[in-house]
2 protein chains.
Amino acid sequence: MREVCIVGVGMSQWGEVWRKSLRDLHTDAALAAVKNAGVDHLDSMYVGCMSGGLFVGQEHLASMLTDYMGMRGIAATRVESACASGGMAVRLAFIEVASGISDIVMASGVEKMTDCSGNEATYALATAADQEYEVFNGATFPGLYAMMAHAHMAKYGTTRRMLSTVAAKNHHNGSMNPVAQYPFKVTVEQVENSVMVADPLHILDCSPITDGAAAVILTTVDIAKKLGKPYVKILGSGIGTDTIQLAQRADMTTIKAATIAADKAFKMAGKTIKDVQFAEVHDCFTIAEIAVAESIGLYEPGKAGKAFLDGESALDGKFPINSSGGLKSKGHPVGATGVAQVVEVFKQLTGTAENGRQIPKSPRIGMTQNMGGSGGSSVVHIMEVGS
Amino acid sequence: MREVCIVGVGMSQWGEVWRKSLRDLHTDAALAAVKNAGVDHLDSMYVGCMSGGLFVGQEHLASMLTDYMGMRGIAATRVESACASGGMAVRLAFIEVASGISDIVMASGVEKMTDCSGNEATYALATAADQEYEVFNGATFPGLYAMMAHAHMAKYGTTRRMLSTVAAKNHHNGSMNPVAQYPFKVTVEQVENSVMVADPLHILDCSPITDGAAAVILTTVDIAKKLGKPYVKILGSGIGTDTIQLAQRADMTTIKAATIAADKAFKMAGKTIKDVQFAEVHDCFTIAEIAVAESIGLYEPGKAGKAFLDGESALDGKFPINSSGGLKSKGHPVGATGVAQVVEVFKQLTGTAENGRQIPKSPRIGMTQNMGGSGGSSVVHIMEVGS
């Protein structure tokens, strides 16, 4: 296997971007990444998208998007694993470059979620849960994550304030991210006084419905050196699955798919969590950031919430989490999220994070954790700045 | 890159399978393939499915399907490229084994198309065309392929009888396939007297709406030899794209994506079309079989129809095409079709095609050509029996 790295990244604007269609958003991110990398062609691309069919009535996305970015004819494949679709795209691009089949491959993600009604969007998102057992009985994602939060509170004494701390910290970081959908700060009191969605989760515990795209360019370390650009090596890539039905799990307080994915990624990288200095994790709801931090081995079960209260996950803390603002503040165009996490790690490792959200201690190794549904799938990448 | 081969194949029943859900159909095919291969685990799987979201309200398919086949936790990704989704799954499994990341990988495909109304199915399929330019203006696939047929007739003098010959030959072959949806023979006169769908295409020029699944197990040649089972090497894999909008193409009589995919696959294999002895090609409509046979270099443009009239593509002809019955008779569960093509090539190369549809001259090299939409994407594989 060849050594693989990232040499360029790009983002579209994120938010309720009513003047841009799915193909416009993707083209913005893709061409920004191509320009940033300084490459003159792509051999192949993987596009993460959860449900072009339900959100905008368009499948067969990958070919269409090559056409709109002026690269008709190149290899292109769309991949889907619900909200982990973007992370899967990065993984497949990594494997294709590592295998030697292709030299320059783009991994991108896109979702256009605001061209349908709120009910339609809720239905589309619910297809990441088990249609025949969960959705048929009325479950949607705020309800599923609320059950996980209650289970975590009952088992470990996790508090309402710990959840609020996640939201306040992520909005603080997101206020410095130029593409964030909600770049405003919130206090823990504002989170707790916001409207209730599914007890104990308030609206400010939930990531929003977002239009957006993100793209990264992968190549070999040899080619990156020739390009003479800063690059970030992918040391490890791991993927794990679990039942997508919450009720089938032995323990609702942990994300087993994330544990499997992290274990595999660390094994490939020859590293442990102690070697990593910061992470972008999948905070679709505030409780998810706590459960994931424990599932990837950063904290013992039940210990993350307290550490967050103590400021350990803040930008200047011991182990910064979601310096980008996370899904919570930056937004969550489901297919794009996993790619945008890699964009942020690239920026942090190359010292190019905007507007003062650069992690102060110049980290050298970071990681991403992306997941689908209530944790039925997860993808983890470990990355190190090139030298 | 490691040498990759197929060591086992499996199919579910195909047709209007009302007593089985998407997960049941997939599990039937997957476990049949695992049993056929004689492997005791899978490292990873790729599932091709065009639109779980629109057909059955279920995305996040790959994780769910690992769970239902008793393999919760393994790596799993769903891939989509409209009706070429299955071929893409085979390609990604091939790359993953070739790269050294995994040793035993399943490529499968599934679609459950009869749990919705005919209008809903037509809408779902139309998402493989350009929603904003083609579908918005009323185009559906029978109409798009009818335009390709008229263009081919105008440019090359292709006749109505040549189209009928494709249907009659494929139904003859399919009558010997135990999983075929429509295992009955039709005469050229029956095709021409069947109800008109979109001039010049009659209902018997069109592949049906089908429920079904197919699966193949890929591994290294070294492992296959240890398993002591017959195996089929994948010599080359190619993928091509084109605009998914028919109106944007310079020539509607050829499938450029198929030409690109075939060229790449032949280059990787170190072979030419002259080395290949039979093929499974994407006959979603009868005109497609003619256009594809020309696009992959088997015949000069405009020459395939005449050769088909002369019997060259029959089971005992010079170059048999669609010995399985093709999409036309076997059925076309869109995400599964590309995998089922590989199943047929495996059976023909290992001498295990059922009920007398074995190609008489014991071929050693075969190929598959799978495509999405009106030819916006295509995947080609070249395979050789192991020894």
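Residues numbered from 1 in each chain as written. Chains lettered and ligands numbered in written order. Predicted model: local features only at pLDDT ≥ 70, side-chain atom pairs only at ≥ 80, totals over all residues. Heavy atoms only, no water.

## A few points about the overall build of chain A
Next, step 1: Secondary structure assignment for chain A yields 14 helices and eleven strands.
Next, step 2: Here chain A has a C-alpha radius of gyration of 19 Å; the compact-globule value for 387 residues is 21 Å, and the two agree.
Next, step 3: Along the first, second and third principal axes, the C-alpha atoms of chain A reach 55 × 45 × 35 Å.
Next, step 4: Looking at chain A as a whole, 70% of its 387 residues qualify as buried.
Next, step 5: Just so you have it, chain A exposes about 12,000 Å², and 53% of that area is on carbon and sulfur atoms. (Helix = DSSP H or I, 4+ residues; strand = E, 2+ residues; numbered from the N terminus. Rg over C-alpha atoms; globule rule 2.2 N^0.38 Å. Buried < 20%, exposed > 50% of the residue type's maximum accessible area, 1.4 Å probe, protein only. Areas by Shrake-Rupley, 256 points an atom, 1.4 Å probe, with all protein chains shown as cover.)

## Regarding unusual backbone geometry
Next, step 1: Geometrically, the link from D199 of chain A to P200 of chain A is a cis peptide bond, its omega value of 10° lying close to zero.
Next, step 2: Within the fold, P200 of chain A resides in the loop between strand 5 (196-198) and strand 6 (201-202).
Next, step 3: Of note, the phi angle at N355 of chain B is positive, near 55°, even though the residue is not glycine.
Next, step 4: Inspection of the secondary structure puts N355 of chain B in the loop between helix 14 (337-349) and strand 10 (365-372).

## Regarding the packing of helix 4 (residues 85-99) of chain B against helix 14 of chain B
Residues and elements named next belong to chain B.
Next, step 1: Where helix 4 contacts helix 14, the two axes come as close as 5 Å, and the packing angle between them is 65°. The segment helix 4 lies against helix 14, with G86, G87 and V90 engaging G338, V339 and V342.
Next, step 2: Of the residues belonging to the contact of helix 4 with helix 14, the class tally is three nonpolar, three polar and no charged. (Axes fitted to C-alpha atoms, helices over the stretch in contact; angles between N-to-C directions. Contact = heavy atoms within 4.5 Å. Nonpolar A, V, L, I, M, F, W, Y, C, P; charged D, E, K, R; others polar.)

## Observations concerning the relation of the copies chain A and chain B
Next, step 1: Overlaying chain A with chain B gives an RMSD of 0.0 Å, the required rotation being 180° about an axis along which the chain moves by 0.0 Å. Within this description, the copies of the chain are treated as partners about a two-fold rotation axis.
Next, step 2: The fraction of interface residues of chain A whose copies in chain B are also interface residues reaches 100%, indicating that both copies meet through the same surface. (Least-squares fit on C-alpha atoms with pLDDT ≥ 70 in both.)

## Quick word on the pairing of strand 4 (residues 105-111) of chain A
Residues and elements named next belong to chain A.
Next, step 1: The element strand 4 is extensively covered by neighbouring structure, given that seven of its seven residues are classed as buried.
Next, step 2: Neither face of strand 4 is open: one carries V105, A107, G109 and E111, the other M106, S108 and V110, and all of them are buried.
Next, step 3: Here five bridges tie strand 2 (residues 44-48) to strand 4, and the two strands are oriented parallel to one another. Paired with M45 across the bridge in strand 4 is M106.
Next, step 4: Bridge analysis of strand 4 against strand 7 (residues 212-220) gives seven bridges, and the strand direction is antiparallel. Its bridge partner lying in strand 7, S108 is registered against A215. (Pairing = 2+ DSSP bridges.)

## Let's talk about the interface of chain A and chain B
Often, the extent of an interface is quoted as the loss of accessible area upon association of its parts.
Next, step 1: The partner chain B presents 62 residues to the 62 residues of chain A that form the contact.
Next, step 2: Summed over both partners, the interface of chain A with chain B buries about 4,600 Å², with 52% contributed by carbon and sulfur atoms.
Next, step 3: Viewed at the interface, chain B and chain A are joined by six salt bridges.
Next, step 4: Close ionic contact of E132 of chain A with R23 of chain B constitutes a salt bridge, the shortest N to O distance being 3.8 Å.
Next, step 5: In this assembly, chain A and chain B are joined by 32 residue pairs in polar contact (both at pLDDT 80 or more).
Next, step 6: Residue assignment for the side of chain A that touches chain B shows that the elements contributing at least two residues are helix 2 (52-56), helix 3 (61-68), strand 3 (75-80), helix 4 (85-99), strand 8 (232-241) and helix 10 (256-269) of chain A.
Next, step 7: Split by residue class, the side of chain A that touches chain B holds 26 nonpolar, 24 polar and twelve charged.
Next, step 8: Sheet analysis places strand 3 of chain A next to strand 3 (residues 75-80) of chain B, joined by three bridges and oriented antiparallel. In the sheet register, V79 of chain A faces strand 3 of chain B, and the bridge partner there is V79 of chain B. (Buried area = accessible area lost by both parts, 1.4 Å probe. Salt bridge = Lys/Arg side-chain N within 4 Å of Asp/Glu carboxyl O. Polar contact = N/O pair within 3.5 Å; in protein donor to acceptor, adjacent residues only side chain to side chain.)

## Focus on the nonpolar core
Where a protein is soluble and globular, its nonpolar side chains tend to be buried together.
Next, step 1: By size, the foremost hydrophobic cluster in this structure holds 85 residues, and its most contacted members are V216 and L218 of chain A together with V216 and L218 of chain B.
Next, step 2: Beyond its immediate sequence surroundings of up to four residues, L218 of chain A is in contact with V4, C5, I6, V90, A93, F94, V97, D103, I104, V105, A107 and I234 of chain A. (Core = buried A, V, L, I, M, F, W, Y, C linked by side-chain atoms within 4.5 Å.)

## Remarks on empty space enclosed by the protein
Next, step 1: What the rule picks out here adds up to two cavities of 30 Å³ or more.
Next, step 2: Estimates place the volume of the largest cavity at around 60 Å³.
Next, step 3: Lining the largest cavity, in full, are M11, N177, V179, S324, K330, A340, V343, E344, K347 and R357 of chain A.
Next, step 4: By residue number, the principal contributor to the lining of the largest cavity is helix 14 (residues 337-349) of chain A, which donates four residues.
Next, step 5: Tallied by class, residues from the lining of the largest cavity come to four nonpolar, two polar and four charged.
Next, step 6: Empty space within the second largest cavity amounts to approximately 40 Å³.
Next, step 7: Lining the second largest cavity, in full, are Y46, L92, I95 and E96 of chain A together with Y46, L92, I95 and E96 of chain B.
Next, step 8: Those elements that provide at least two residues to the lining of the second largest cavity are helix 4 of chain A together with helix 4 of chain B.
Next, step 9: When grouped by side-chain class, the residues that make up the lining of the second largest cavity number six nonpolar, no polar and two charged. (1 Å grid on protein atoms, 1.4 Å probe; cavity = no way out; pocket = protein on both sides within 12 Å on 5 of 7 lines; lining within 4 Å. Points joined across faces, edges and corners; volume = space filled by probe spheres on them.)

## A closer look at the pattern of salt bridges
All names here are of chain A.
Next, step 1: Taken as a whole and assessed by the stated rule, the structure comprises 38 salt bridges over all chains.
Next, step 2: The partner of R357 in a salt bridge is E344, with the nearest N and O atoms 2.6 Å apart. In this pair, R357 sits in the loop between helix 14 and strand 10 (365-372) while E344 sits in helix 14, placing the two residues 13 residues apart along the sequence. Across the pair, E344 and R357 agree in class, each one buried.
Next, step 3: By sharing partners, the salt bridges in this structure join E344, K347, E354 and R357 into a single network.

## Digging into the packing of aromatic side chains
Next, step 1: What the rule picks out here adds up to seven aromatic pairs over all chains.
Next, step 2: Plain terms: the ring middles of Y299 of chain A and F308 of chain A are 6.0 Å apart, the flat faces sit at 85° to each other, and that makes the pair edge-to-face. Across this residue pair, the class does not change: Y299 of chain A and F308 of chain A are buried.
Next, step 3: When the centroid spacing of 6.5 Å and the interplanar angle of 40° are considered together, the rings of F141 of chain B and Y145 of chain B count as tilted. Within this pair, F141 of chain B and its partner Y145 of chain B are both found in helix 6 (residues 141-156), separated by four residues, close to a single helical turn. Summarising the burial analysis for this pair, F141 of chain B and Y145 of chain B share the class buried.
Next, step 4: The structure contains a cluster of three or more aromatic residues connected by ring pairs, namely F141, Y145 and F285 of chain B. (Phe/Tyr/Trp six-rings, centres within 6.5 Å; stacked < 30°, edge-to-face > 60°.)

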